[in-house]
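What the coordinates show
Each chain is listed here by its residues.
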Amino acid sequence: ALGAFTFTMTALPGTPQIQNAIPMPFFGTTAFAAPILGLVGAAIMLGGGLFWINRRARAAMGKGEGYGHHEEATVASASATETPLPSAMASFSPIIVVVLINLILSKFVFPAMDTAYLEDFDTTLSRVNGIWSIIVALAISIVFAILLFRKSLASVMQTVNEGAFGSLLPLLNTASEVGYGNVIKSLGAFALVKAAILGIPGTPLISLAASTSILAGITGSASGGMSIALGALGETYMQKAMEVGINPEAFHRIATMACGGLDTLPHNGAVITLLGICGLTHRESYLDIGMCTVVIPLIASAVAIVLATMGIV
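Just so we're clear, the structure is a prediction, and the values are computed from it rather than from any experiment. (Residues numbered from 1 in each chain as written. Predicted model: local features only at pLDDT ≥ 70, side-chain atom pairs only at ≥ 80, totals over all residues. Heavy atoms only, no water.)

**Here we look at the overall build of the chain**
Where we set the bar: Helix numbers and strand numbers start at the N terminus; a helix is a DSSP run of H or I with at least 4 residues, a strand a run of E with at least 2. For the radius of gyration, the atoms used are the C-alpha atoms, and the globule rule reads 2.2 Å times the number of residues raised to 0.38. Only protein chains enter the area calculation, which uses a 1.4 Å probe; residues under 20% of their type maximum are buried, those over 50% are exposed, and those in between are partly exposed. Note on contacts: a residue pair qualifies if any of its non-hydrogen atoms lie within 4.5 Å across the two residues. Here the accessible surface of atoms and residues is derived via Shrake-Rupley with a 1.4 Å probe, and residues count as covered only by protein chains that are part of the display. Charged residues are defined narrowly, with Lys and Arg counted positive, Asp and Glu counted negative, and His plus the chain ends left uncounted. We put the charge of a Lys on NZ, of an Arg on CZ, of an Asp on CG and of a Glu on CD.
Helices and strands together make up the secondary structure of the chain, namely 14 helices and zero strands. Here the C-alpha radius of gyration of the chain, 21 Å, is about what a compact globule of 313 residues would show, namely 20 Å. Taking the principal axes of the C-alpha coordinates as reference, the chain spans close to 60 × 45 × 35 Å. A burial count over the chain gives 39% of its 313 residues as buried. Restricting to contacts in the chain with at least 6 residues of sequence separation, those with at least 24 account for 78%. For the chain, the accessible area works out to roughly 16,900 Å², and carbon and sulfur atoms hold 69% of it. Measuring between centres, the 13 positive side-chain charges of the chain sit 8 Å from its 16 negative side-chain charges.

**Details of the side chain of Gln 19**
Among the secondary structure elements, Gln 19 is positioned in helix α3 (residues 18-21). The class of Gln 19 is buried, set by a relative accessible area of 8%. Those residues in contact with Gln 19, other than ones at most four positions away along the chain, are Met 9, Ala 222, Ser 223, Met 226, Thr 256 and Cys 259.

**What about the pattern of salt bridges?**
Definition in use: Take a side-chain nitrogen of Lys or Arg and a carboxyl oxygen of Asp or Glu: if they are within 4 Å of each other, that pair is a salt bridge.
Counted according to the given criterion, the structure contains one salt bridge. Between Arg 56 and Asp 288 there is a salt bridge, and its shortest N-O distance comes to 2.7 Å. With Arg 56 in helix α5 (residues 35-62) and Asp 288 in helix α14 (residues 282-309), this pair connects stretches of sequence that are 232 residues apart. For Asp 288, a relative accessible area of 23% gives the class partly exposed.

**Re unusual backbone geometry**
Backbone geometry at Ala 34 places phi at a positive 45°, although glycine is not the residue there. Mapping Ala 34 onto the fold places it in the loop between α4 (24-27) and α5.

**Things to note about the packing of helix α10 (residues 204-219) against helix α11 (residues 222-244)**
Heads up, the condition is: Lines fitted to the C-alpha atoms define the axes, with helices restricted to the stretch that makes contact. Angles between their N-to-C directions range from 0 to 180 degrees. Oblique is the label for every angle not falling under 35 degrees (roughly parallel), over 145 degrees (roughly antiparallel), or within 65 to 115 degrees (roughly perpendicular).
At a minimum axis separation of 8 Å, α10 and α11 run at an interaxial angle of 170°. The angle between α10 and α11 falls in the class roughly antiparallel. Along the contact surface, α10 presents Pro 204, Ser 207, Leu 208, Ser 211, Thr 212, Leu 215, Ala 216 and Thr 219, while α11 presents Ala 222, Gly 224, Gly 225, Met 226, Ile 228, Ala 229, Leu 230, Tyr 237, Lys 240 and Val 244.

**Re the side chain of Thr 264**
Rules: Contacts described as polar in this section are N or O atom pairs within 3.5 Å, which, within protein, must combine one atom able to donate a hydrogen with one able to accept it, while residues neighboring in sequence count only if both atoms come from side chains.
Along the chain, the position of Thr 264 falls in the loop between α12 (248-258) and α13 (269-278). Since its relative accessible area comes to 1%, Thr 264 is described here as buried. Among the polar contacts listed, one links the side chain of Thr 264 to the side chain of Thr 293, at a separation of 2.8 Å. When neighbours within four sequence positions are excluded, Thr 264 is seen to be in contact with Phe 5, Val 271, Tyr 286, Thr 293 and Val 294.

**Section: the environment of Pro 248**
Position of Pro 248 relative to the elements: it lies in helix α12. Along the primary structure Pro 248 and Thr 159 are separated by 89 residues, whereas in three dimensions their C-alpha atoms are 39 Å apart.

**A few points about the nonpolar core**
Note the following rule: In these notes, a set of buried Ala, Val, Leu, Ile, Met, Phe, Trp, Tyr and Cys residues joined through side-chain atoms within 4.5 Å is what counts as a nonpolar core.
Residues Leu 37, Leu 205, Tyr 237 and Phe 251 are the most contacted members of the largest nonpolar core, which totals 36 residues. Those elements giving two or more residues to this core turn out to be α2 (7-10), α5, α9 (190-198), α10, α11, α12 and α14. Among the elements that line this core, the one with the most residues is α11, at eight residues. Apart from residues no more than four positions distant in its own chain, Leu 205 is found in contact with Ile 246, Ala 250, Phe 251, Ile 254, Ile 305, Ala 308 and Thr 309. The next biggest cluster of nonpolar side chains, apart from the first, holds nine residues, and it includes Ile 101, Leu 118, Val 128 and Ala 137.

**A short note on the environment of Val 294**
The residue Val 294 is located in helix α14 in this model. Residues Val 294 and Phe 5 lie 289 residues apart in sequence; the distance between their C-alpha atoms is 9.4 Å. Setting aside its immediate chain neighbours within four residues, Val 294 contacts Gly 261, Leu 262, Thr 264, Tyr 286 and Ile 289.

**Regarding α12**
Extensive coverage of α12 is indicated by the burial of 10 of its 11 residues. The opening residue of α12 is Asn 247, an N-cap whose side-chain oxygen sits 2.9 Å from the backbone nitrogen of Glu 249.

**Quick word on the packing of aromatic side chains**
The line we're drawing: Only Phe, Tyr and Trp rings are paired, with Trp represented by its six-membered ring, and only when their centres lie within 6.5 Å; those with planes under 30 degrees apart are stacked, over 60 edge-to-face, the remainder tilted.
Inspection of the entire model under this criterion finds three aromatic pairs. Between Phe 27 and Phe 251 the ring centres are 5.9 Å apart and the planes differ by 35°, which places this aromatic pair in the tilted class. In this pair, Phe 27 sits in helix α4 while Phe 251 sits in helix α12, placing the two residues 224 residues apart along the sequence. Of the residues examined, Phe 251 reaches a relative accessible area of 0% and is grouped as buried. An angle of 45° between the planes, with centres 6.2 Å apart, marks the rings of Tyr 237 and Phe 251 as tilted.

Okay, here's the thing in structure tokens:
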């Protein structure tokens, strides 16, 4: 849970996660928005999570606890693997390729291109730069991974098909959530909700974080909560950023980090899936999951808001 649902999902600059891509068209940013805030938040999430896990592990070992009893589980031995596993460096290389190409395209290649034609499509480079960079970087990395691991794949076509099918659910989920947010925005009653959210005292970064995190908790989805919040209020927050002089990159990173707070409440689908895979229950494991994926990320978001208010991005 610490590795999948926290700093890698929301805080690290350059991550191609959907949570880091959703704010781009709203704030005209890229995946590397507010790198200082992201790195500080990632350090708090990783450091705090590791501290909690190690503390709990020591306490469990002190009580004589072991791995657990899972007689029904079958674990294949490493010798049963038909093909040798790739090296660690080879395994990390497609991820490195994604980050590097994303950085080069978003910071140097696309900004240097003549994109005046985008006005004909009622958009600007700032709204599509980040999305274009991630899509191209991922596409190149996929081809690179296929060529690199072709000898380890039983069937390249089957592997690509499985990846494509696996992408449909998050794609349709995000699309439906954005549509849902736009419907909510058009309702008359939403004016009251909007006024209440924007009326939260203090910097607008606080109301952005609160609305994103609360909606993520209600929907049980980080991307869902942020899609609805920004779909309904993204333009308003961009105007706020211009009015109060806050860097839009700060809004991007705060929204991304905040959506990873209340999203992993007990009803979250990923939490339920994780417990099912591990053969555990909420009673046995949710305290530690909640500390690592809810409490500590919320603390990291609060620290990021303080730093952003001071002008640090």
